[in-house]
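Topology and contacts: notes
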Amino acid sequence: LAKQNGHNHFQFYVASIDQEIRERKQMERDLGNALINHEFYLVYQPQINLETKRVIGAEALLRWNHPEHGLIPPDDFIPVAEGNGAIVEIGQWVLDQACWQAARWAGEGSPLRIAVNLSAVQLRQESIVDDILDTLKRHNIPAGRLELEVTETSFMTNLTDAVAKLHRLHRAGISIAVDDFGTGYSSLTYLKKMPVQHLKIDKQFIRDLLVNEEDTRIANTIIDLGKSLNLTVVAEGVETAEQEYYLSQRGCKLAQGYFFSKPLLPRDFEIFVQTFHARIVENDA
Ligand code: C2E
Ligand code: MG
Ligand code: MG
Ligand code: MG
């Protein structure tokens with residue numbers, strides 16, 4: 001293809017791959033310093049119970065404020081951190097920070113459930129279960145307050161090992177959610193073997209909900225699957241009142257998305273919860 005487009009394009013093509021490799025190497029080095037330099041922070045996106053319209057928890061999402069490039073989206077740096085193993089240490093920092101925040105909120109009288117994304121690379125670590133349980137203990141967080149979000153790919157590399165670890169976490173009281181459900185190698189065998197309690201409908205199916213008939217059917221199917229397997233379904237990426245209304249009528253129990261709120265810094269999250277709940281009391285009155 002490059003040759004067809006002539007010599008210059010071929011050169012450009014090679015140069016850009018070379019540049020891509022250099023940029024990746026640079027990012028790996030920068031990631032190595034990011035923890036020590038305090039360049040990471042967490043934002044929290046509220047999860048809403050569509051029946052009660054109450055905030056039941058938050059998903060913790062990682063942000064990297066790079067000293068030169070500014071905010072780098074997790075979709076850009078998480079794969080790099082997974083590639084060189086840096087995600088193990090970064091993921092532990094995320095867990096620590098999220099548990100610290102949960103303990104703080106609990107101390108202020110709002111015990112919320114915190115959902116943390118767990119990379120497949122972390123799940124493969126020998127000590128991961130002990131690390132997670134130790135972290136909960138250190139922050140005095142009941143295990144029921146923590147939810148771990150894993151993707152279907154996490155189950156694929158070593159199914160037996162993943163099943164055993166998730167069972168240990170589940171027995172300890174931690175809940176497990178399948179993130180981005182429907183986008184990976186969804187298999188009903190995984191769902192049967194895994195101690196999973198939550199299915200998160202990927203935002204790609206929610207985006208065109210009610211506009212695209214196929215997406216609507218897929219969302220319906222996931223909601224029905226959740227009902228028949230007794231799993232709580234969470235819709236992610238809810239952006240409009242129409243989507244919210246449809247999902248709640250259709251029996252989807254939980255939702256998160258810009259319609260309610262984008263991911264927020266802790267202080268803004270606290271304000272959101274107060275005003276959101278105050279609004280409901282007003283509407284009920
Ligand atoms: P995810 O876990 O599926 O998180 C949902 C993503 O959707 C987040 O993107 C969130 O900001 C975004 N989102 C939420 N509501 C809406 C909406 O209404 N519309 C749209 N368009 N987007 C919405 P974010 O924060 O950029 O994170 C992207 C991905 O990076 C996450 O997807 C997750 O896979 C990964 N990630 C983020 N933080 C961590 C972490 O601490 N550890 C690991 N391993 N992965 C993380
Ligand atoms: Mg997630
Ligand atoms: Mg997701
Ligand atoms: Mg995702």
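Structure: above.
The present account deals with the structure reproduced in this document. (Residues numbered from 1 in each chain as written. Chains lettered and ligands numbered in written order. Predicted model: local features only at pLDDT ≥ 70, side-chain atom pairs only at ≥ 80, totals over all residues. Heavy atoms only, no water.)

Section: the coordination of the magnesium ion (ligand 3)
For clarity, the cut-off: Distances decide who is a donor: an N, O or S atom must be within 2.8 Å of the metal, or within 3.2 Å for Na, K and Ca. Water is not included, so sites may look incomplete.
The protein atoms that coordinate the magnesium ion (ligand 3) are Asp179 (OD), Asp180 (OD), Glu236 (OE) and Glu236 (OE), at distances spanning 2.1 to 2.3 Å. We note that the donor set of the magnesium ion (ligand 3) lies within a single chain, spaced as D-D-x55-E.

A few points about the site of ligand 1
We apply this condition: Near residues are defined by distance, with any heavy atom within 4 Å of the molecule or strand qualifying the residue. Pairs of N or O atoms are called polar contacts if they sit within 3.5 Å, as long as, within protein, a hydrogen donor faces a hydrogen acceptor (for residues adjacent in sequence, only side-chain-to-side-chain pairs). Strands are runs of DSSP state E lasting at least 2 residues, helices are runs of H or I lasting at least 4, and numbering of each runs from the N terminus. As a working rule, the residues Ala, Val, Leu, Ile, Met, Phe, Trp, Tyr, Cys and Pro are called nonpolar, Asp, Glu, Lys and Arg charged, and the rest polar, with Gly in that last group.
Contacts to ligand 1 come from 22 residues, most closely from Arg63, Asn117, Asp179, Glu239 and Tyr258. The contact in question runs from a nitrogen atom of ligand 1 to an N or O atom on the backbone of Leu62, over 3.1 Å. In the environment of ligand 1, a nitrogen atom lies 2.5 Å from a nitrogen or oxygen atom belonging to the side chain of Glu239. Those elements that place two or more of their residues in the shell around ligand 1 are strand E2 (54-66), helix H2 (74-83) and strand E6 (175-181). Considering every element that reaches the shell around ligand 1, the biggest residue donor is E2, with four residues. Looking at the shell around ligand 1 residue by residue, the class counts come to eight nonpolar, five polar and nine charged.

Digging into the coordination of the magnesium ion (ligand 2)
We apply this condition: For every residue, the accessible area (1.4 Å probe, protein chains only) is compared with the maximum for its type, and the residue is labelled buried under 20%, exposed over 50%, or partly exposed between those bounds.
Here the magnesium ion (ligand 2) is held by Glu59 (OE), Asn117 (OD1), Glu149 (OE) and Asp179 (OD), and the distances to it run 1.9 to 2.2 Å. Mapped onto the polypeptide sequence, the residues donating to the magnesium ion (ligand 2) form the spacing pattern E-x57-N-x31-E-x29-D. Separating the magnesium ion (ligand 2) from the magnesium ion (ligand 3) is a gap of 4.1 Å, bridged by Asp179, which donates to each. Within this pair, whereas Glu59 is found in strand E2, its partner Asp179 is found in strand E6, the two being separated by 120 residues in sequence. According to the relative accessible area criterion, Glu59 is buried, its value standing at 4%.

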